[in-house]
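Overview (structure and organization)
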Amino acid sequence: MAEKKNTCDLFDCGHRACGGCGEALAARLVMQAAGTETIVVNATGCMEVFSTPYPETAWKVPWIHSLFENAAAVASGIEASLKKQGRKEKVVIMAGDGATFDIGMICISGAFERGHDFAYICYDNEAYMNTGIQRSGATPYDASTTTSPAGKCSFGNKLPKKDMPAILAAHGAPYVATASVAYPADLMQKIERAINTPGPCYVQVHVPCCTGWGFEGDQTVAIAKLAIETGLWVNFEMVDGKVTKVKKVVRKPVTEYLKTQKRFRHLFKPKLQETEIAAIQAIADRNAEKYGLDIKLPPKKE
Amino acid sequence: MTRIEFWQGNIACAEGALAAGCTFFGGYPITPSTEVAEHMAAKLPKRGGAFIQMEDEIAGIASIIGASWTGARAMTATSGPGFSLMMENIGFAIMTETPCVVVNVQRGGPSTGQPTMSAQGDMLQVRFGSHGDIAIIALCPATVQEMFELTVKAFNLADKYRVPVFLMADETIGHMREKIIVPDTVERVERKPFVAGTPAFRVTDPDNIPGFPAFGTGQHVHVTGLTHDERGYPCATNPNLHMALVKRLVDKIENARDEMADYDVINPDAGQVFVAYGAPVRTVMQVMHDKKDTNIGFLRIRTVWPFPEKALAEFKNAKRFIIPEMNLGQISREIERHVCVPVRSIPKLGGELHTPEELVAVLEEKA
């Protein structure tokens, strides 16, 4: 049988993810872009759990789950040893936002400093979903999670989302990008570029979680798209630390995105929290200014 | 007035901490302990306490060490993989005599093992896991009631002995729900007061415990994990000083072994004696209930470390000790060190409790 280079079933169907899981969709697209000559290093998390028990095992490439904090270090060992052996397999790290933004930071920093040739893919669903929806450094402002519960004393998570792409660009990563499951062609293009660029590259993929965010599983792509259209998620590429490409939009108000998810429900019921929503709108406005998001429409003719 | 609740073990642990006056929780989510953190996240801020979700378990235990030095009662909760990450900081807390409470809701190991299944595989790690010669206190609850009571006790022992105290629960007790009688108030033992103007780590009492000079109480206290003199200043090359310090840190726990021993003795004249802690206690209780045989004894242990060796001596006619454990026989080795009769370990891995039939089969073995 001829080798299939870009085959869509390297992350196979039949795994245990929730219906409408954003990160399962991302994994499939990542593997489609990565191809058969790939070794996957997977950090602890939902993906590790739902995609591995036999017979629902999804991975059709060599795959290692190490621990929560050390995927970048295990990948460092794989990459350095492959290089010494003159081998050409690509090393792809798959890690969630908790494993990336929080517990994995030390190993990530070391690996990016040393400059190993790998692609680090962070599938970002903005909380620890595997253990039951606890906040992470990627959780957006005001999202309710089990460790940042909204209630009488709180509107949810009070901390801003950590700017992980900037942190890795500051390490000298040659290619850093953000992507979304709402734009699969763009996502796959960025994965290919990350894999084919020598050195440590980083792609952060926005993957809505129907269980953790509170929406029906058929809305995953629509919600991912709304994140971009409201300016709360920005799709961009950075080459050698400079932003080279940004997905521009005609922006919608952030409420269009927030009202679709139960994690933001407390901003609308029992009463509209205008100050909090204004603070979230300000985050989108800052993104728009920083990245030049807004498409300038021609003035309407009278 | 007490009140009756129907709580999960992990919730009872968190409520016990709140009742004990815990005002700081720093931790990281991990199955099967996460409910402790979630409950503290919801409750602590309302009571003027601080809940911080840290970036990993190293940071989790480090944060409670910091909080403890401000005078706060501080706690973290975790399970096997997180517990392994905490080992270096546990040694630091021992060396610096920092009172703190670490909850380990044990799951199947090694490594990530069985996240949702019950185990008692960390019983030797808690005693010996951090490097160097150390002594710690570890408590094992067997009921939801004990999750509450032993958490309170853990804070009192931590403050009294200035040592990290471990609530070594297991997934069974952490996740089960049962009736609990919640008291209105609980006993509180304070840290020994510090005498102003004296060296920060000077010990004058025979209990080997110095007074606690919390940050901000007028002392220029110097806290270091290096071998230090009584002023707290590093002095890492003096052999006698190191010997004296480490000996004192171990003695203050080991010499109080009898004082803090917490156990029940049932049928002390029995020939065959079960010894259990944590979830296996429940299976032994069932066998005791079914058999109603005074020749079957039971030693139920709550303070596993320091091991209450005097309790074994209460069974003067014991011909054999039988130890069901959800590991490959960790505490049974400790018991072997203390008795002259045969010790029969009943190891069980995989996450399920021993059945009464498994224990009865061992009782009926020919010697």
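In this text, all values refer to a predicted model and were calculated from it rather than measured experimentally. (Residues numbered from 1 in each chain as written. Chains lettered and ligands numbered in written order. Predicted model: local features only at pLDDT ≥ 70, side-chain atom pairs only at ≥ 80, totals over all residues. Heavy atoms only, no water.)

Bringing the interface of chain A and chain B into the picture now. Listed per partner, the contact involves 19 residues of chain A and 17 residues of chain B. Interface of chain A and chain B: buried area, both sides summed, is about 1,300 Å²; carbon and sulfur atoms make up 62% of it. By the criterion of area lost to chain B, the three top residues of chain A are Ile-103, Thr-131 and Thr-147 of chain A, representing 33% of everything that side buries. In this assembly, chain A and chain B are joined by zero salt bridges. Across the contact surface, chain A and chain B share six residue pairs in polar contact (both at pLDDT 80 or more). A per-class count over the side of chain A that touches chain B returns six nonpolar, 10 polar and three charged. (Contact = heavy atoms within 4.5 Å. Buried area = accessible area lost by both parts, 1.4 Å probe. Salt bridge = Lys/Arg side-chain N within 4 Å of Asp/Glu carboxyl O. Polar contact = N/O pair within 3.5 Å; in protein donor to acceptor, adjacent residues only side chain to side chain. Nonpolar A, V, L, I, M, F, W, Y, C, P; charged D, E, K, R; others polar.)

Turning our eyes to something else, we now look at the pattern of salt bridges. For the structure on display, the rule yields 43 salt bridges over all chains. Residue Lys-60 of chain A pairs with Asp-12 of chain A through a salt bridge whose shortest N-O separation is 2.8 Å. Highlighted residues: Lys-60 of chain A in the loop between helix H2 (46-50) and strand E2 (63-65) and Asp-12 of chain A in the segment before helix H1 (22-34), separated in sequence by 48 residues. A salt bridge links Arg-302 of chain B to Asp-264 of chain B; its shortest N-O distance comes to 2.6 Å. Here Arg-302 of chain B, found in the loop between strand E12 (296-301) and strand E13 (303-305), pairs with Asp-264 of chain B, found in strand E10 (residues 263-266); they are 38 residues apart in sequence, far enough to count as distant. Among the residues examined, Arg-302 of chain B registers a relative accessible area of 12% and is labelled buried. (Helix = DSSP H or I, 4+ residues; strand = E, 2+ residues; numbered from the N terminus. Buried < 20%, exposed > 50% of the residue type's maximum accessible area, 1.4 Å probe, protein only.)

Here the focus is unusual backbone geometry. Put simply, Thr-31 of chain B and Pro-32 of chain B share a cis peptide bond, and its omega is 0 degrees. Along the chain, Pro-32 of chain B falls in the loop between strand E2 (24-27) and helix H2 (34-43). Omega for the bond connecting Trp-305 of chain B with Pro-306 of chain B falls within 30 degrees of zero, at -5 degrees, which places this linkage in the cis form. Among the secondary structure elements, Pro-306 of chain B is positioned in the loop between E13 and helix H12 (309-313). Positive phi is not limited to glycine here, since Ile-133 of chain A has a value of about 70 degrees. Inspection of the secondary structure assignment puts Ile-133 of chain A in the loop between strand E4 (119-124) and strand E5 (150-151). For Glu-97 of chain B, which is not glycine, the phi torsion reads 55 degrees and is therefore positive. Checked against the element boundaries, Glu-97 of chain B lands in the loop between helix H5 (87-95) and strand E5 (100-108). Among the residues examined, Glu-97 of chain B registers a relative accessible area of 0% and is labelled buried.

All names here are of chain A. Here helix H3 (residues 71-84) crosses helix H5 (residues 105-114) at 35 degrees, and the two axes come no closer than 7 Å. For the pair formed by H3 and H5, the contact residues are Ala-72, Ala-73 and Ser-76 on the first element and Cys-107, Ile-108, Ala-111 and Arg-114 on the second. Of the residues contributing to the contact of H3 with H5, the split by class is five nonpolar, one polar and one charged. (Axes fitted to C-alpha atoms, helices over the stretch in contact; angles between N-to-C directions.)

A separate point is the pairing of strand E6 (residues 114-118) of chain B. Residues and elements named next belong to chain B. Note: E5 against E6, two bridges, orientation antiparallel. Residue pairing for E6: Arg-107 is matched across the bridge by Ser-118. Joining the antiparallel neighbours E5 and E6 is a turn of five residues, in which Ser-111 adopts a positive phi near 55 degrees. (Pairing = 2+ DSSP bridges.)

Take a positive patch on the surface next. On the surface, a cluster of positive charge is made up of Lys-152 of chain A together with Lys-43, Lys-46 and Arg-47 of chain B. Locating Lys-46 of chain B in the fold gives a position in the loop between H2 and strand E3 (50-53). (Patch = residues over 30% accessible without salt bridge, like charges linked within 9 Å, V, L, I, M, F, W, Y side chains within 5 Å. Areas by Shrake-Rupley, 256 points an atom, 1.4 Å probe, with all protein chains shown as cover. Lys, Arg positive; Asp, Glu negative; His and termini not counted. Charge placed at Lys NZ, Arg CZ, Asp CG, Glu CD.)

Below, the discussion takes up empty space enclosed by the protein. It is a probe the size of a water molecule, rolled over the atoms, that shows where empty space is left. Residue and element names in this part refer to chain A. What the rule picks out here adds up to one cavity of 30 Å³ or more. Ala-43, Phe-68, Glu-69, Asn-70, Ala-71, Ala-72, Ala-95, Ala-99, Gly-104, Ile-108 and Tyr-120 together form the lining of the largest cavity. Considering only residue class, the lining of the largest cavity consists of eight nonpolar, two polar and one charged. (1 Å grid on protein atoms, 1.4 Å probe; cavity = no way out; pocket = protein on both sides within 12 Å on 5 of 7 lines; lining within 4 Å. Points joined across faces, edges and corners; volume = space filled by probe spheres on them.)

All names here are of chain A. Over its 18 residues, helix H11 (residues 274-291) runs 26 Å from end to end, which matches the ideal 26 Å to within 8%, given 1.5 Å per residue. The set of residues buried in H11 consists of Glu-276, Ile-277, Ile-280, Ala-284, Asn-287, Ala-288 and Tyr-291. All buried residues of H11 fall inside an arc of 135 degrees around its axis, so they share one side. Exposed and facing more than 90 degrees away from the buried side of H11 are Glu-274, Thr-275, Arg-286, Glu-289 and Lys-290. Its buried side turned inward, H11 meets strand E6 (154-155), strand E9 (236-239), strand E10 (242-246) and helix H10 (255-258). Two residues or fewer after H11 comes Gly-292, characterised by a positive phi angle close to 60 degrees. (Expected span 1.5 Å × (residues − 1). Arc of directions from axis to C-beta.)

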